[in-house]
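Structure assessment
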There are 2 protein chains.
Amino acid sequence: MSPNFSIAEENYIKSIYNLQQVNDAVSTTALAEHLKSKPASITDMLKKLQAKGLLLYNPYKTFRLSKEGIKAALSIIRRHRLWESFLVHKLQFSWEEVHEVAEELEHVRSKKLIDKLDGFLGYPKFDPHGDPIPDTNGKINIQQQLPLSSLPLNKQAIITAVQDQSSELLSFLSSLKIVIGTRLEIKRRLAFDNSLEIKCRNRQPVNISEQVANAIQVNPL
Amino acid sequence: MSPNFSIAEENYIKSIYNLQQVNDAVSTTALAEHLKSKPASITDMLKKLQAKGLLLYNPYKTFRLSKEGIKAALSIIRRHRLWESFLVHKLQFSWEEVHEVAEELEHVRSKKLIDKLDGFLGYPKFDPHGDPIPDTNGKINIQQQLPLSSLPLNKQAIITAVQDQSSELLSFLSSLKIVIGTRLEIKRRLAFDNSLEIKCRNRQPVNISEQVANAIQVNPL
DNA sequence: AATAATTTTTAGGCAAACCTAAAAAAAATA
DNA sequence: TATTTTTTTTAGGTTTGCCTAAAAATTATT
Ligand SMILES: [Mn+2]
Ligand SMILES: [Mn+2]
Ligand SMILES: [Mn+2]
Ligand SMILES: [Mn+2]
């Protein structure tokens, strides 16, 4: 059946998947930073993943997940996002607290557990950060979205997702009442620092930095 | 705050706790069998646990958990039994399937997660096998019970727990409709093999072996 | 009490997953 | 293109948790 990966291997597979979504070519250093480890450790693991057929790897050049590797990544991501949904909707965690706990829960490898959890939650399509949840066959609907920083001025859009790396960012957005589904538009863009003045229906406009605008994904109306 | 133990350490602590409940003196070989490893590996870990102050250890003689070690064990057992309850009552697992999955879930170390899960389940006092669940402070109510094999003839009793090591045993009992709360009495004891003929109210009597009777805990009425 | 059997520990090794420092390759710059 | 800088890999080492085989201690038997 489906092979069993170690926790370390799973964390590598998921990180590589996430990085290659953004940038087709993943680098050893980028992955080391993402995983808070050292480049030499990355190389060790790249060789192991290649040996297991999960990675297409040209030493000194590029690497990316094989078909097999992507399948494994989607299964881990499914677990991660379902647990996040459970924590928020059943245990009343707030959206910025769940990532860390899900980072551990995702490694409990029982297909039956995850499929039952999915049903218990009512087969959610998105996690609390707006990211799509792969179904039991690993099918994922990547939604059409762009970073808020690329949205034209005065164009209405709905927030579809927020990159959930940092819980600080998520609680900051919560405090501004900026959540998944919030409708907004950009009123002004400062050339000086690329910060944005954004306006939600019947609310005071607020200013956000370029970095924050990059982390927010929107779907233009 | 509370120190963090590795998964291996947690499994050792829990096994030692369980063994010393039955038999005050735990032996290296017994622990090795319980953990499906080798005596030499046990000795390695005993030294580590002693160094961390979790174990009172006299080489070549006996060992048992320190106060600190018992506290750690109860916390792991709390997690294990709450997850088992979740799996049975929320995800409709059957009682013989849950042990294996809970064996992994128990290692997710987040006090907040477990306390919220406890509330979500309605602060259950017992797990699906009838074993008491320690509360958030580690307090556990050990119920007055004895193995069915020690129950006198013709004395009514209620099943309070079943030792859950083997899922085979649990599904066997399910098929006989013998579950937690079932009221029964022993009608006959065969000296030949110590097997028992047991009778539940308005049901046909059934025969069970000495080993099965040892695994069933009862509370005499 | 001496010997035999059993249990436990020690000695030495291995694999996984990390690390630092050095070497090699690739990319950037002059 | 030659040189410098940056990136990546290799070499060698550590810790954790496991193993087998041998030695030591304990317990059982004569
Ligand atoms: Mn993880
Ligand atoms: Mn998420
Ligand atoms: Mn376990
Ligand atoms: Mn149980």
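I will try to describe carefully the structure that is included in this document. Because the structure is predicted, anything quoted here is derived from the model rather than measured.

So, how was this worked out
Residues numbered from 1 in each chain as written. Chains lettered and ligands numbered in written order. Predicted model: local features only at pLDDT ≥ 70, side-chain atom pairs only at ≥ 80, totals over all residues. Heavy atoms only, no water. Buried < 20%, exposed > 50% of the residue type's maximum accessible area, 1.4 Å probe, protein only. Helix = DSSP H or I, 4+ residues; strand = E, 2+ residues; numbered from the N terminus. Pairing = 2+ DSSP bridges. Donors = N, O, S within 2.8 Å, 3.2 Å for Na, K, Ca; no water. Near = heavy atom within 4 Å. Polar contact = N/O pair within 3.5 Å; in protein donor to acceptor, adjacent residues only side chain to side chain. Nonpolar A, V, L, I, M, F, W, Y, C, P; charged D, E, K, R; others polar. Least-squares fit on C-alpha atoms with pLDDT ≥ 70 in both. Contact = heavy atoms within 4.5 Å.

**Considerations on the pairing of strand β4 (residues 157-162) of chain B**
All names here are of chain B.
- Among the 6 residues in β4, 5 count as buried, and that is most of the element.
- In the sheet, β4 pairs with strand β5 (residues 183-189) via 2 bridges, with the strands oriented antiparallel. Residue pairing in the sheet places Ala157 in a bridge with Leu184 of β5.

**Some points on the coordination of the manganese ion (ligand 3)**
All names here are of chain B.
- Protein coordination at the manganese ion (ligand 3): the donors are Asn11 (OD1), Glu103 (O), Glu103 (OE), Glu106 (OE) and His107 (NE2), at 2.1 to 2.4 Å from the metal.
- Sequence positions of the donors to the manganese ion (ligand 3) reduce to the motif N-x91-E-x2-E-H. Of the two residues, Asn11 sits in helix α1 (residues 7-22) while His107 sits in the loop between α5 (98-105) and α6 (111-120), which places them 96 residues apart along the sequence.

**Some points on the protein's contact with DNA strand C**
- Within the structure, DNA strand C sits among 21 residues, and Ser6(A), Ser41(A), Thr29(B), Thr43(B) and Tyr57(B) are positioned closest to it.
- Near the protein, within 4 Å, the atoms of DNA strand C are sugar or phosphate in 71% of cases.
- At 2.3 Å, a side-chain N or O of Ser41(A) approaches a phosphate oxygen of DNA strand C.
- The contact in question runs from a phosphate oxygen of DNA strand C to an N or O atom on the side chain of Thr29(B), over 2.3 Å.
- Of all the secondary-structure elements, those providing two or more residues to the surface near DNA strand C are α1 (7-22) and α3 (39-51) of chain A together with α2 (28-34) and α3 (39-51) of chain B.
- By residue class, the composition of the surface near DNA strand C is 9 nonpolar, 7 polar and 5 charged.

**Considering the sheet that holds strand β7 (residues 206-208) of chain B**
- Read across the sheet, 6 strands follow the order β3-β8-β4-β5-β6-β7 (chain B) without closing on themselves; strand pairing throughout is antiparallel. Of all the strands in the sheet, the pair left with one neighbour each is β3 (146-147) and β7 of chain B.

**Section: the relation of the copies chain A and chain B**
- Of the transformation superimposing chain A on chain B, the axial component is 0.0 Å and the angular component is 180°, with the fit at an RMSD of 0.1 Å. On this basis, the relationship between the two copies can be described by a two-fold rotation axis. Scanning chain A for the C-alpha nearest the rotation axis identifies Leu105(A), at a separation of 3.6 Å.
- The fraction of interface residues of chain A whose copies in chain B are also interface residues reaches 100%, indicating that both copies meet through the same surface.

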